[in-house]
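# A structural walkthrough
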Amino acid sequence: MAVKHNARLECTVCHNINYLTFRNAKTVPTKLELNKYCKHCQKATPHKETKAK
């Protein structure tokens, strides 16, 4: 059975949390880092997974 964890993606440039998603903890053991669009920076920037509060 898949173990899903909530993942909050934070922009590495302006440090705003822009995306909420899930990741499978068994298949993806490391933190996510995706290139996503940031509406505050108005360009595609790397987004890293942050600690869920």
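Going by the structure above, here's the rest.
This is a predicted model, so every value here is computed, not measured.

## Side note on the overall build of the protein
- Tallying secondary structure elements over the protein gives 0 helices and 4 strands in all.
- The helix and strand sequence of the protein, counted from the amino end, reads β-β-β-β.
- Dimensions of the protein, computed from the C-alpha atoms along their principal axes, are close to 40 × 20 × 15 Å.
- A burial count over the protein gives 19% of its 53 residues as buried.
- In the protein, the proportion of contacts linking residues at least 24 apart, taken out of those at least 6 apart, comes to 38%.
- Carbon and sulfur atoms form 53% of the exposed surface of the protein, whose accessible area is close to 4,200 Å².

## Examining unusual backbone geometry
- A positive phi angle, close to 65 degrees, is found at H15, a residue other than glycine.
- Take H15: it is sitting in the loop between strand 1 (4-11) and strand 2 (17-24).
- Its identity is not glycine, yet Q42 carries a phi of approximately 60 degrees, on the positive side.
- Its location among the elements puts Q42 in the loop between strand 3 (33-38) and strand 4 (43-50).

Each value, and the rule that gives it
- Residues numbered from 1 in each chain as written.
- Predicted model: local features only at pLDDT ≥ 70, side-chain atom pairs only at ≥ 80, totals over all residues.
- Heavy atoms only, no water.
- Helix = DSSP H or I, 4+ residues; strand = E, 2+ residues; numbered from the N terminus.
- Buried < 20%, exposed > 50% of the residue type's maximum accessible area, 1.4 Å probe, protein only.
- Contact = heavy atoms within 4.5 Å.
- Areas by Shrake-Rupley, 256 points an atom, 1.4 Å probe, with all protein chains shown as cover.

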